[in-house]
Amino acid sequence: MTTVLVTGAAGDIGTAIAEVLAQRGHRLALADHPDAAAQLDELCRRLGAECVTFDVTDEAAVTAAVERLGPLGGLVNNAGYQGVFTSVDRYPLEDARRVLEVNVLGVMTVLAAVAARAMTGGAIVNIASMAGVSGAPNMPAYSASKAAVIGLTKAAAKDLAPHGIRVNAVSPAFIGPGRMWEAQVERQAAAGSQYYSADPDAVAAQMIGMVPLRRYGSAHEVATVVAFLLSDDASYVTGVNIEVSGGSV
């Protein structure tokens, strides 16, 4: 199989994606920010993957890394930043700029570099979020950025179709257990709003109560959807956003 590049590979969802793709025989190039180099190195050793570090907002670094990797058969754009948790009327604009820079321009930078320099056919999967579908309280910048990722996905699917490159998005809802779930519960509790309790345990119960399946999803369940979209089984699927949400809307 051809090599698949996964960004944000050291995070909960990125690691699960890498593990599922490795199990299915993909050659992997795993990437993350230099600050996550130690976790990334350990993951690469465990999975026998090539390891690269770059900031997705640094166009020169992204381009250099993509050129070093050579031909790719797939890309998973998973790098992201949630930002602070507070209501839109108090949201610090400097942090909002960072959220949009990483989650929108970073995704576009990697996507463009890979499509222009490393892919002739293949598939790209952008990790969006249900926050971008329906909006999440205390997460206005993140919600806006993930809505933009869905729009970017649909536009890129049209632009890259003539080159035989499929582009899709996956929008997870609440995913756990792990660092991401714990951080979201704690930060929503601390943010204070009419939507969630100030007690993290109660917030966790409230979140689960919002999901028709009455549980959070696993990172593995997100990863298997990503693997499907990268596979030939999805050869006529492009420009769509698949919601991995347990029925949440």
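Residues numbered from 1 in each chain as written. Predicted model: local features only at pLDDT ≥ 70, side-chain atom pairs only at ≥ 80, totals over all residues. Heavy atoms only, no water.

*Asks:* Residue-level account of the packing of helix 1 (residues 12-23) against helix 9 (residues 219-230), with values.
*Replies:* Contact pair helix 1 / helix 9: the axes reach a minimum separation of 8 Å and the direction vectors enclose 55 degrees. Taken together, the axes of helix 1 and helix 9 lie oblique to each other. As for how helix 1 packs across helix 9, the hand of that crossing is right-handed. Within the contact between the two elements, helix 1 uses Asp12, Ile13, Ala16, Ile17, Val20 and Leu21 and helix 9 uses Ala219, His220, Val222, Ala223, Thr224, Val226, Ala227 and Leu230. Considering only residue class, the contact of helix 1 with helix 9 consists of eleven nonpolar, two polar and one charged. (Axes fitted to C-alpha atoms, helices over the stretch in contact; angles between N-to-C directions. Helix = DSSP H or I, 4+ residues; strand = E, 2+ residues; numbered from the N terminus. Parallel < 35°, antiparallel > 145°, perpendicular 65-115°, else oblique. Left-handed = near helix turned anticlockwise from the far one by under 90°. Contact = heavy atoms within 4.5 Å. Nonpolar A, V, L, I, M, F, W, Y, C, P; charged D, E, K, R; others polar.)

*Asks:* An account of the packing of aromatic side chains is needed here, citing residue identities and associated values.
*Replies:* Per the stated rule, a full pass over the model turns up two aromatic pairs. Centre to centre, the rings of Phe174 and Trp181 are 6.2 Å apart; their planes meet at 75 degrees, and the pair counts as edge-to-face. With relative accessibility at 14%, the residue Phe174 sits in the buried group. A relative accessible area of 10% means that Trp181 is categorised as buried. Aromatic rings pair up to connect Phe174, Trp181 and Tyr216 into one cluster. (Phe/Tyr/Trp six-rings, centres within 6.5 Å; stacked < 30°, edge-to-face > 60°. Buried < 20%, exposed > 50% of the residue type's maximum accessible area, 1.4 Å probe, protein only.)

*Asks:* I'd like a description of the pairing of strand 5 (residues 122-127), backed by residues and values.
*Replies:* With five of six residues buried, strand 5 lies mostly within the body of the structure. You can see the chain leave strand 4 (residues 74-77), run along helix 4 (residues 93-117) and come back into strand 5, and the turn it takes is right-handed. For strand 5 and strand 6 (residues 165-172), the ladder comprises six bridges, and the chain directions are parallel. Within the sheet, the bridge partner assigned to Gly122 lies in strand 6 and is Ile165. (Right-handed = clockwise from strand over helix to strand, strands pointing away. Pairing = 2+ DSSP bridges.)

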